[in-house]
Amino acid sequence: MPILRKSRGKFFNKHRMPADRNFWIYYFELLGKLEEIPEAHKQELENWRPERSNCPELTLMIDNFIKRIPIAWRDVAREIFVGRVPAGEIQATAWTEKHAGLIELNVQFTWVLSAYVDTYDEFYFATRGLIEEFYRNGSDPAIEAMAKTLQSRLLDPWDRLDEKKLAWRDPRLIESGTLALVQSSRPGREEARMILVSACEEYILAHELAHHLLGHLVKNRGKARAREVVNGYLRDDEIWKVYSPLNKSQKDEFEADILAYLLVANGVDRAPEQGYMYRAVLSSAMTQIALAHVKEGWVYDAPDATHPNFFQRFSLIQRLTEILSAGMPRGVIGDHPMSALGQVETFSAVALHHWRSQVDNEVSPAGIYEVVDLFFKRFQATSRKIGESYPEGDDGEFD
Ligand SMILES: [Zn+2]
């Protein structure tokens, strides 16, 4: 059983970081950019003392998770220290050592996620623009011109990501992010993007916390009470079909994915609310897409792989979203977690297609019309799943 004081001590000791310092002060000092932090903000950061984490944002997240989980699991969660680390590998880890329980999140992961969130935002605006135009003008020739512009807006970010991902794979390089964290290429969208990046961090933290809660890191794993909740979901036929052929390490990862989703959705021991569901859908999907794209883990199925592949992990997100939200009514603007799922499914299809067009000469990158078409198809499938009939494009499947 970990003890917070020991967990904290172990972290600062291992990384040789000053134990009284906020991560951001430490990091910007390391980069020689301390003067970039606004004076008023600096004071606040300097007065802050690490307790459960060396970073104020991560402290807030772990505090929230402690409140969200059943009382019986809290004693483990309370004793874990969450540390931000200035390391270049795109990863987060959970580990234990004699009376210490740790979660570490590499700062590079956050910079990488912020680039994918930026690309998602571009994708969202590009497709939405064209869809609205279709509704308004039908087959106006002006749409042709617009489609051309949107086509480049859809694909350019992927070319930039491809250039960057080679550097991202080099663990010696740490990109020096700015204090704004998210460098948005669309003015006015910084805050929305920032919220999504922080949701992705929350999902990653939840995944690592899940390894602790599920007893994956200790010998006596059968005792972990969180297992009951995960076992309940493993009884679902569709989830079981993906889970059962996995190797032991992949099974642990898959279980951690289940609990992470539930933690972010605030649905561990209650029915989640709509707002939390959006957070869970977008953050889990975005994180898996970013990981698959950078590490090219779309389709690998080596028997000794430590993690399930993208399709296995993504199908879990799809199924959990369906189980938890299919019965929810639409929101005030017609929104629904299943529609958000449709959006990220389309986005992942573009990402995957882009990758395939690079490894296979026969495949050309996705065009904007194909994307919009796919989007409509997903939209219809979504409507079916939430039990509505969608008048246009009735393909005779619903009755
Ligand atoms: Zn894991």
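Higher on the page you've got the structure.
Residues numbered from 1 in each chain as written. Predicted model: local features only at pLDDT ≥ 70, side-chain atom pairs only at ≥ 80, totals over all residues.

### Some remarks on the packing of helix α12 (residues 274-295) against helix α13 (residues 310-325)
- One way to put it is that α12 packs onto α13 with a least axis distance of 10 Å and a crossing angle of 175°. Classed by the angle they form, the pair α12 and α13 counts as roughly antiparallel. Two secondary-structure elements touch here, α12 through M277, V281, S284, A285, Q288 and A292 and α13 through F310, R313, F314, I317, T321, L324 and S325.
- Partitioned by chemical class, the residues of the contact of α12 with α13 number eight nonpolar, four polar and one charged. (Axes fitted to C-alpha atoms, helices over the stretch in contact; angles between N-to-C directions. Helix = DSSP H or I, 4+ residues; strand = E, 2+ residues; numbered from the N terminus. Parallel < 35°, antiparallel > 145°, perpendicular 65-115°, else oblique. Contact = placed C-beta atoms within 7 Å. Nonpolar A, V, L, I, M, F, W, Y, C, P; charged D, E, K, R; others polar.)

### Digging into the sheet that holds strand β3 (residues 100-106)
- Spatially, β1-β3-β2 is the arrangement adopted by the three strands of the open sheet, whose pairing is mixed. Looking at the sheet topology across the chains shown, the edges are occupied by β1 (80-85) and β2 (92-97). Taking the axes of each pair of neighbouring strands and ignoring which way they run, one obtains an average angle of 20° across the sheet.
- In terms of strand pairing, β2 meets β3 through six bridges, oriented antiparallel. Each residue of the ladder has a partner; that of A94, found in β3, is I103. (Pairing = 2+ DSSP bridges.)

### Re unusual backbone geometry
- In this structure, R16 takes a positive phi of about 50° despite not being glycine.
- In this fold, R16 is placed in the loop between α1 (4-15) and α2 (23-30).
- One non-glycine residue, N266, adopts positive backbone phi at about 50°.
- Inspection of the secondary structure assignment puts N266 in the loop between α11 (248-264) and α12.
- For N266, a count of 20 C-beta atoms within 10 Å translates into the label buried. (Buried ≥ 20, exposed ≤ 12 C-beta atoms within 10 Å, placed from the backbone.)

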